[in-house]
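Chains, contacts and geometry: an overview
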Amino acid sequence: MQTVDAAGLQIGDDHPPRIMGVLNVSKESPYDPSVFDDPDEAAAYVDEELVGEGADIVDVGLESANKKFDVLSPEQELDRLDTAVETIQRVEGDAVFSIETRYAEVADEALSRGFDMVNDICGFADPEMPEVCEAHDAAVVKMASPPDLERPGAIEDVDDIYDALTLNGFTDKTIVDPAFGGWSEDKTLADDRETFDRLREFRGHGYPILVSINRKNFLREVADRSTEEALPVSLAATSMAVERGAHIVRTHDVAETRDAALIGYEFRRDRYEAERVEELDVTTVAEAERHVTRLDGDLDAAGDAAARAYEVHGLDGDDRAVLAAKGVAVTGDDPAFVAAPISVLRAAADELESPDGVLGELTAAWSTRT
């Protein structure tokens, strides 16, 4: 996993989770406590409520990304940039400042005037964005989106999110964001939950991951909570996201989110890493396939990347003999304890020509979690 240096802030597996607080200078933004048009008031909010409560990064939005509002032009965003620049100049605390924009022109101006990194909500739909960020040696968050500057995050099929992140390539300082939230009428809460469940897959790109899940609908629905009541579900999800590999958590609730993120980081999987060897964070075949693809390997190898353990009833002598010949750990009478990668189980079932037998059933059970 690559470590990204964002104006001196190290982001990656070897560093604690980073908290991105949110400031908006867009009067149409829906979250009132974070919206300001006066630089002095905005700077005070950053110092007291964001940096003062543990934010490592402050993400400044020039316009609301809510799909019910018209998209601002680059010129309209630039008209609001003065307020954002004046704000960060007045902040006394130490933070990395990120500009949220979809336009390379705006990013270039913001980086020239004191911003440290970019949060591109259209994921390089502006093809000049990577070049601008590289010219400034700036980190950039790349959110999964179609190649359309007016449709941030609008990927309807979860299976397409991973590939959408490859639009116009990556810079050496890219951070990927799978895009949680209602960016499209066709995107459902179930889609967001599936994306969250598959979060480790996005590690396959080899870049740090940002998640923006603060009080999101897909979490609120689980507990049947309003936005105002949704902090506990956000914090639970934050710990889980960090444990699953997220490196930055974007939030309005900085202090609480920081604590939840640190718990997830403390209890993450203990993986071996040395100068020449890194154990990958892989728990399913699908996760392993992402890394195999990145490394130009044979996808069949992904089946050997992770083993699962089962209590199995009804193994007969032939089943046990075939499994033993393939080096599968089988112990116990009936039921038995069985642990093996799926490729081995499939081969054993094929050898016995018994897809409906117990080994076929075991293979099917494994496959449901891939």
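Notes on the structure follow. (Residues numbered from 1 in each chain as written. Predicted model: local features only at pLDDT ≥ 70, side-chain atom pairs only at ≥ 80, totals over all residues. Heavy atoms only, no water.)

This paragraph deals with the environment of valine 85. Tracing the sequence through the fold places valine 85 in helix H2 (residues 74-90). Excluding residues within four positions of it along the chain, valine 85 makes contact with Arg113 and Phe115. (Helix = DSSP H or I, 4+ residues; strand = E, 2+ residues; numbered from the N terminus. Contact = heavy atoms within 4.5 Å.)

This part is about the nonpolar core. Generally speaking, nonpolar side chains in soluble globular proteins are found buried as a group. Of all hydrophobic cores here, the largest spans 68 residues; its most connected members are Leu23, Val58, Phe115, Val211 and Ile213. If we ignore the near neighbours within four places in the chain, the residues touching valine 58 are Gly21, Leu23, Val46, Leu50, Val51, Ala95, Val96, Phe97 and Ser98. Core analysis: the second largest hydrophobic core is formed by 15 residues, Val322, Val344, Ala348 and Leu359 among them. (Core = buried A, V, L, I, M, F, W, Y, C linked by side-chain atoms within 4.5 Å. Buried < 20%, exposed > 50% of the residue type's maximum accessible area, 1.4 Å probe, protein only.)

Here we come to the sheet that holds strand S5 (residues 96-100). Pairing within the open sheet is parallel, and its eight strands lie in the order S8-S7-S6-S5-S4-S3-S10-S9. Each edge of the open sheet is held by one strand with a lone partner, namely strand S8 (174-177) and strand S9 (210-211). Examined bridge by bridge, strand S4 (residues 57-61) and S5 share five bridges and lie parallel to one another. In the strand pairing of S5, isoleucine 57 is matched with valine 96. (Pairing = 2+ DSSP bridges.)

Before going further, it helps to examine the sheet that holds strand S13 (residues 336-340). Overall, antiparallel pairing links the three strands, which are arranged S11-S13-S12 in an open sheet. For this open sheet the edge positions go to strand S11 (308-312) and strand S12 (329-331), each flanked by a neighbour on one side alone. Taking the axes of each pair of neighbouring strands and ignoring which way they run, one obtains an average angle of 15 degrees across the sheet. As defined by bridge partners, S11 adjoins S13 across five bridges and the pair is classed as antiparallel. (Axes fitted to C-alpha atoms, helices over the stretch in contact; angles between N-to-C directions.)

Moving on: the environment of serine 234. By secondary structure assignment, the location of serine 234 is in helix H8 (residues 231-243). A relative accessible area of 2% places serine 234 in the buried class. The spacing of serine 234 and methionine 1 is 233 residues in sequence and 26 Å in space, taken between C-alpha atoms. Ignoring any residue separated from it by four or fewer positions in sequence, one finds serine 234 in contact with Ile213, Asn214, Arg215 and Leu219.

Helix H9 (residues 254-266) packs onto H8 with a crossing angle of 35 degrees between their chain directions and a minimal axis gap of 7 Å. For the pair H8 and H9, the crossing hand works out as right-handed. Contact residues: H8 offers Leu231, Leu235, Thr238, Ser239, Val242 and Glu243, while H9 offers Glu256, Thr257, Ala260, Ala261, Ile263, Gly264 and Tyr265. Taken together, the residues that form the contact of H8 with H9 break down as seven nonpolar, four polar and two charged. (Left-handed = near helix turned anticlockwise from the far one by under 90°. Nonpolar A, V, L, I, M, F, W, Y, C, P; charged D, E, K, R; others polar.)

With that out of the way, let us pick up the side chain of arginine 271. With respect to the helices and strands, the residue arginine 271 is situated in the loop between H9 and helix H10 (285-294). Of note is the side chain of arginine 271, whose polar atom sits 3.1 Å from the side chain of aspartate 13. With near-sequence residues (within four places) excluded, arginine 271 lies in contact with Asp13, Arg203, Glu278, Glu279, Leu280 and Asp281. (Polar contact = N/O pair within 3.5 Å; in protein donor to acceptor, adjacent residues only side chain to side chain.)

Before going further, it helps to examine unusual backbone geometry. The residue after aspartate 334, namely proline 335, is reached through a cis peptide bond having omega 15 degrees. Along the chain, the position of proline 335 falls in the loop between S12 and S13. The residue alanine 7 is not glycine, and still its phi comes out positive at about 55 degrees. Positive phi outside glycine occurs at aspartate 224, with the angle close to 55 degrees. Here aspartate 224 is to be found in the loop between helix H7 (217-223) and H8. Since its relative accessible area comes to 68%, aspartate 224 is described here as exposed.

For histidine 291, the location among the structural elements is in helix H10. Since its relative accessible area comes to 5%, histidine 291 is described here as buried. For histidine 291, the contacting residues outside a window of four places in its chain are Arg203, Gly204, Leu280 and Val282.

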